[in-house]
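So the chains spell out like this:
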Amino acid sequence: MKHDAVKIHYPGSEISVNHYLGKRKGGGYYVTPECKAWKEEFQWLLKHCHLEDYKLPLEVTCAGWFKDKRSAPDLSNLSKVILDSIQDLIGGNDKDYRWHDGTRTIGVKELAYLLITFTESDNTPKPLPDAPQSISRGVKGESNTIPSPKRKYTRKKGGRSK
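About the thresholds
Residues numbered from 1 in each chain as written. Predicted model: local features only at pLDDT ≥ 70, side-chain atom pairs only at ≥ 80, totals over all residues. Heavy atoms only, no water. Helix = DSSP H or I, 4+ residues; strand = E, 2+ residues; numbered from the N terminus. Buried < 20%, exposed > 50% of the residue type's maximum accessible area, 1.4 Å probe, protein only. Contact = heavy atoms within 4.5 Å. Areas by Shrake-Rupley, 256 points an atom, 1.4 Å probe, with all protein chains shown as cover. Expected span 1.5 Å × (residues − 1). Phe/Tyr/Trp six-rings, centres within 6.5 Å; stacked < 30°, edge-to-face > 60°. Salt bridge = Lys/Arg side-chain N within 4 Å of Asp/Glu carboxyl O. Pairing = 2+ DSSP bridges. Right-handed = clockwise from strand over helix to strand, strands pointing away. Axes fitted to C-alpha atoms, helices over the stretch in contact; angles between N-to-C directions.

Peer 1: Help me out: how do you make sense of the overall build of the protein chain in this one?
Peer 2: For the protein chain, the helix and strand inventory stands at two helices and six strands. Starting at the N terminus, the α and β elements of the protein chain follow one another as β-β-β-α-β-α-β-β. Considering the protein chain as a whole, with its 162 residues, one finds that 30% of them fall into the buried category. Restricting to contacts in the protein chain with at least 6 residues of sequence separation, those with at least 24 account for 76%. Surface summary for the protein chain: the accessible area is close to 11900 Å², and the carbon and sulfur share equals 51%.

Peer 1: How should the side chain of Gln 43 be read in this particular structure?
Peer 2: With respect to the helices and strands, the residue Gln 43 is situated in helix α1 (residues 33-46). Setting aside residues up to four positions removed in sequence, Gln 43 forms contacts with Ser 85, Asp 88 and Leu 89.

Peer 1: Would you mind showing me how to read helix α2 (residues 79-90) here?
Peer 2: Given a rise of 1.5 Å per residue, twelve residues ought to cover 16 Å, and the 16 Å separating the end C-alpha atoms of α2 matches this to within 8%. All of the buried residues in α2 are Ser 79, Val 81, Ile 82, Leu 83, Asp 84, Ser 85 and Ile 86. Looking at the buried residues of α2, the elements they touch are α1, β4 (58-66), β5 (97-106) and β6 (113-120).

Peer 1: I tried to follow the packing of aromatic side chains on my own but got confused; where do I start?
Peer 2: In this description, a pair of aromatic rings is defined by centroid distance and the angle of the planes. Applying the stated criterion to the full structure yields three aromatic pairs. Aromatic side chains Trp 38 and Phe 42 sit 5.2 Å apart centroid to centroid with 15 degrees between the ring planes, which places their arrangement in the stacked category. Taken together, the positions of Trp 38 and Phe 42, both in helix α1 and four residues apart, correspond to about one turn of that helix. The exposure class assigned to Trp 38 is buried, which follows from its relative accessible area of 2%. Taking the relative accessible area as the measure of exposure, Phe 42 reaches 0% and is therefore buried. Aromatic pair Trp 65 and Tyr 113: ring centres 4.9 Å apart, planes at 10 degrees, arrangement stacked.

Peer 1: Explanation requested: the environment of Tyr 20 in the structure shown.
Peer 2: Within the secondary structure layout, Tyr 20 lies in the loop between β1 (3-9) and β2 (21-23). Residue Tyr 20 is classed as buried on the basis of its relative accessible area, which comes to 12%. A sequence separation of 60 residues divides Tyr 20 from Lys 80, and the C-alpha atoms of the two residues are 9.5 Å apart. In this structure, Tyr 20 is in contact with Glu 14, Tyr 30, Val 31, Thr 32, Cys 35, Lys 80 and Val 81, ignoring residues within four places of it in sequence.

Peer 1: Help me out: how do you make sense of the pattern of salt bridges in this one?
Peer 2: Pairs can form between side chains of opposite charge whenever their charged atoms are close. As enumerated under the stated definition, the model contains two salt bridges in all. The partner of Asp 88 in a salt bridge is Lys 39, and the shortest N-O contact between them spans 3.5 Å. With Asp 88 in helix α2 and Lys 39 in helix α1, this pair connects stretches of sequence that are 49 residues apart. By relative accessible area, Asp 88 is classed as exposed at 52%.

Peer 1: Which parts of the structure should I look at to understand the pairing of β5?
Peer 2: Side-chain positions along a regular strand alternate between the two faces of the sheet. Strand direction decides the pairing type here: β4 and β5, joined by eight bridges, are parallel. Note on β5: the bridge partner recorded for Val 60 is Trp 99. The parallel pair β4 and β5, bridged by α2, forms a crossover whose chirality is right-handed.

Peer 1: What should I look at first to understand the sheet that holds β6 in this one?
Peer 2: The sheet built from four strands is open, its strands ordered β1-β6-β4-β5 with mixed pairing. Whereas interior strands pair on both sides, the edge strands pair on one side only; in this sheet they are β1 and β5. Across this sheet, the average inter-strand angle for adjacent strands is 15 degrees, counted without regard to direction. Lying on the sheet, α1 is in contact with β1 and β6; it crosses β1 at an angle near 145 degrees. Sheet contacts for α2: β4, β5 and β6; angle to β5, the most-contacted strand, approximately 130 degrees.

Spelled out as structure tokens, the structure:
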């Protein structure tokens, strides 16, 4: 299995899913220039990883080192920009990437940064667990083991009641 990582500075909320789009005056949205610049820098670093040679699905894990809790983002909010950057570089579809939140380390005195790790998937399907019999419902030839909900109130004929 192939494995690689990229260390890149964290620019702040510019790459968060909550802030990477700007709104046009006439309507519509655009990617902010700060986000575009970060994506371009990230893609240059990715070229050395040769992600196009990896088997899909690609496992992507993001960990971060930040100054304080206030500056530390929810790592899941970074997934949109990071996965879109990978998709723009190697093609394919971001449905073929599996995102994992790494650890958030607080209290770093140097510049905040992200460590984004890529791991090739082994593509071996995991067996599905057998469904317990107590939750089977509506299977032909079997009785329902979960009782249907009973109605407490019935509507009277003739319209509204006072």
